[in-house]
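# Close look at the chain arrangement
Read off the chains here:
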Amino acid sequence: MYLVGQDLRYGARLLTKAPGFTLVALLALALGTGATTSIFSVVDAVLLKPLPYRDPGRLLVIYEKNPAQKKYKLLVSPTNFLEWQQASRGMERMAAVHHAIHINLTGGPNGHLEPEELRLERVTADLFPLLGVQAALGRVFGPDEDKPGRANFVLLSDALWKRRFGGDPAIASKAIRLRDQSYTVLGVMPKGFQIVDPNVDVWIPLAVNASDARIGASRFLVVMARLKPGATPEQAKAELESIGNRLEQANPALNKGWRPSVFTLEDERVGEVRQPLVVLAGAVGLLLLMACVNVANLLLARGGGRRRELAIRTALGATRGRVVAQLISESMLLALAGGALGVALARGAMALVRWLGPASIPRLAEAHLDGRVLLFALAVSIVTGVLFGVAPALQVAGRSLNGALIDGGRGGTMGRKARLLRSGLVVSEVALAVVVTIGAGLLIRSFVRLRAADPGFRPAGVLTFRLPLAGGRNTASERRVAFVGQVTERLASLPGVQSIGGVNSLPLTGFGLGAMFWAADRPAPAPDQRPMALTRAATIGYFQTLGIPLLAGRLFTDADTRQAPPVVAVSQTLARRLWPGENAIGRKLAMEDAINLKTAEVIGIVGDAKQERIEGEDWPTIYSPYAQVAAVTMVVALRTAGDPLAIRHAVESEIRRLDPDQPVADVRPMQDIADEAVAGARFNTVLLSIFAGIAFVLAAVGIYGVISYDVTERLHEFGIRMALGAQAEDVQRLVMGQAARLTAGGIALGVAGALVLTRFMANMLYGVKPTDANTFLLMAALLGAVALAASYLPSRRATRVDPAVALRHE
């Protein structure tokens, strides 16, 4: 222990005597360790930490699938859920969730709360014991509450309980009003609890009524299950497939071609974000390697000036092991100091990561520098200290006094072998930088193309807000139509409003409702072969306000009332698929959802608007006049002449005058919705671009360090060359030529590595191939330019050698 302390004190003195070397080494290590630590904290929170449920590895999520929509997870029929629940033998429990519901809070224990729209999930009572979760206050639903006619019970989220009820510890057993009905509060769920939707405010019992034929035929559930001990997901899939075969035979009208689709809960939660996070983790791993190579190079170069010192220590009796221990202790001191600075950088980086992070990354808010992350940072520091310290220590300490004097020449330098090792390290560092920068370049090109892609509408200058109309005085469909008409009339007269329209689901906010469709004048396809279209209820001014173009026919008018014949406008994709090469205007379209079958005349064809993501496919979409299909939720859009948010308060005031109990929810510009649609791509692009910038810096420092130290060692040689007639330009070309050779070798290796590694990014790219030649050439050229620029200053120093001084020393 005494010797270790002595070595560390001596190493600290030496480092303080070389502030330039120490500063560069610490900066490289801090950048590498900080980036690695910050990304690890995200990976740990999202991918590594177990889900907050009992034995989460045994939890499954079950959807349904059919041949017409093979790529999509479709919701489950309540009838099938009940059949699975009874017939399954490999499941310990099975429960169901009806999510993505909005409900109005119109009162509270004191009856004087402002109206507010809440996010709601309906769940079966089995769900909470299935997850192994209890209420933080009060209790969860029991079997008696989860029955038709006895479902007016509610559980509150921790956030809602604190926000709207002041954290009232006696809230359990009190009543609140949802949809103008009284609900008894049973309890408050733990902080951060979620099932399907991460932002749910309240949960009520699902109370499945198996005798209701309409409910049983619809599909709106997500099913969750817990495997019995020893059972595997594969066994569960096989069992449910067998049950699905039996259900198809028993009820072909409902289940022809439909089968269960089983996923682990972990895959369901993190499946879409796993690959991007793994790519980012791989990128910071390469950065950390670059930092290690950089510092190893610096140590090797610095060792040239210490050869005489170490050789003399060896001659005076120090063993090789003792000298190596001294050098490694200096490396570890550097590594730990760099790690400490890296943790400080990571703390700031985490704020940036959380700010940039899209809502699609689950549990990102939980990413912080806890004990696990700090232990990881310590381990990284120790490992990097070994990686960059051992080889230089062995190289420097492995020579005798005579070897140092003979091979090092007059300057006591390290000799040819050490220069070769340093050159090899620089080549590897450039190669690593090429891989990182090409990956960043691909994402940048992809993101630029994604932002330039046409979403099918014009989001700029549009304000949107949601009117939840279920419950209260607007419950009846006629009343909803009248109220939306009043809202449209009032808001259209506001200063700055150019047009106004409404729809039940905006573009880029999800698929929403759907129905199977076919041409009514042709034989209907088999149920399992009927394609699915998204269904929207739109007001007269909707298409004009969003900027969705009319391609043929007409749009809705005041004449398209509930009493008039049913009409629809269809998207361009639907018209092309159903009537390719034909005129769709005037044709009859059959539509079948869970409740009914109807036929409507196609009066217009409109442009495709992206419904889920900009890079997604164009979905067939059917638009019905809101007056004929009065949805319970209406999203109003206003196109304005200036800043959309400038009229927010005027909008809210006008609606309060119309109905003081009507909530106005989710007020935001349409541009924000469009930006959120590319938030995941922006997150990946910005972070990898930052890593690429760090890689450029590390590569430049590495090239500069090697060439600079090499010039220092060869100043005597350059002086003799110039004395024998070499010009300054010749010496400069000699030095920069060495840098060019090292850079070219690194670029060649890096391009070869990138050709392999970027294939793992294919799913993250839009409009760009992972082997895009332009990106490869541009990034290689940029890195080559940076490397040559880094060698310029050392080459200029080599040209300023005085030949007379060199000859006098000779």
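What counts and how
- Residues numbered from 1 in each chain as written.
- Predicted model: local features only at pLDDT ≥ 70, side-chain atom pairs only at ≥ 80, totals over all residues.
- Heavy atoms only, no water.
- Axes fitted to C-alpha atoms, helices over the stretch in contact; angles between N-to-C directions.
- Helix = DSSP H or I, 4+ residues; strand = E, 2+ residues; numbered from the N terminus.
- Left-handed = near helix turned anticlockwise from the far one by under 90°.
- Contact = heavy atoms within 4.5 Å.
- Nonpolar A, V, L, I, M, F, W, Y, C, P; charged D, E, K, R; others polar.
- Core = buried A, V, L, I, M, F, W, Y, C linked by side-chain atoms within 4.5 Å.
- Buried < 20%, exposed > 50% of the residue type's maximum accessible area, 1.4 Å probe, protein only.
- Expected span 1.5 Å × (residues − 1).
- Polar contact = N/O pair within 3.5 Å; in protein donor to acceptor, adjacent residues only side chain to side chain.
- Patch = residues over 30% accessible without salt bridge, like charges linked within 9 Å, V, L, I, M, F, W, Y side chains within 5 Å.
- Areas by Shrake-Rupley, 256 points an atom, 1.4 Å probe, with all protein chains shown as cover.
- Salt bridge = Lys/Arg side-chain N within 4 Å of Asp/Glu carboxyl O.

## A closer look at the packing of helix H21 (residues 715-723) against helix H22 (residues 728-757)
Packing of H21 against H22 leaves a shortest axis separation of 10 Å and a crossing angle of 145°. The two elements H21 and H22 cross, and the hand of that crossing is right-handed. The residues of H22 that touch H21, namely those facing Glu717, Phe718, Arg721 and Met722, are Ala728, Val731, Leu734 and Val735. Taken together, the residues of the contact of H21 with H22 sort by class into six nonpolar, no polar and two charged.

## Looking at the nonpolar core
The nonpolar side chains of soluble globular proteins are, as a tendency, buried together. Counting 88 residues, the largest nonpolar core has Leu334, Phe388 and Phe691 as the members making the most contacts within it. Sorting the residues of this core by element identifies helix H2 (19-48), helix H9 (265-305), helix H11 (320-356), helix H14 (416-452), helix H20 (679-713), H21, H22 and helix H23 (773-799) as the ones contributing at least two each. Examining the composition of this core, we find that 17 residues originate from one element, H9, more than from any other. When residues no more than four places from it in sequence are discounted, the contact partners of Leu334 are Leu15, Phe21, Thr22, Ala25, Leu26, Leu29, Val295, Leu299 and Phe388. Core analysis: the next-biggest nonpolar cluster, separate from the first, contains 28 residues, Leu59, Ala125, Phe128 and Val133 among them.

## Examining H22
Helix length check: H22 (30 residues) gives 43 Å between terminal C-alpha atoms against 44 Å at 1.5 Å per residue, within 8%. What H22 keeps buried is the set Val731, Gln732, Val735, Gly737, Gln738, Ala739, Leu742, Thr743, Gly746, Ile747, Gly750 and Ala754.

## Re the side chain of Thr685
In this structure, Thr685 sits in helix H20. In this structure the side chain of Thr685 is engaged in a polar contact, spanning 3.4 Å, whose partner is the backbone oxygen of Leu443. Residue contacts for Thr685: discarding those within four places in its chain leaves Leu443, Ile444 and Phe447.

## Focus on a nonpolar patch on the surface
Taken together, the side chains of Leu336, Leu375, Leu378, Ile382 and Val386 make up a nonpolar region of the molecular surface, amounting to roughly 430 Å² of accessible area. For the nonpolar patch, the element with the highest residue contribution is helix H12 (residues 371-397), accounting for four residues. Among the structural elements, Leu375 can be located in helix H12.

## Here we look at the environment of Glu145
With respect to the element layout, Glu145 can be found in the loop between strand E4 (137-138) and strand E5 (153-156). Distance from Glu145 to Pro205, taken between C-alpha atoms, is 6.8 Å for residues 60 residues apart in sequence. Every residue in contact with Glu145, bar those within four places of it in the chain, is listed here: Arg139, Arg150, Ala151, Phe153, Leu186 and Pro205.

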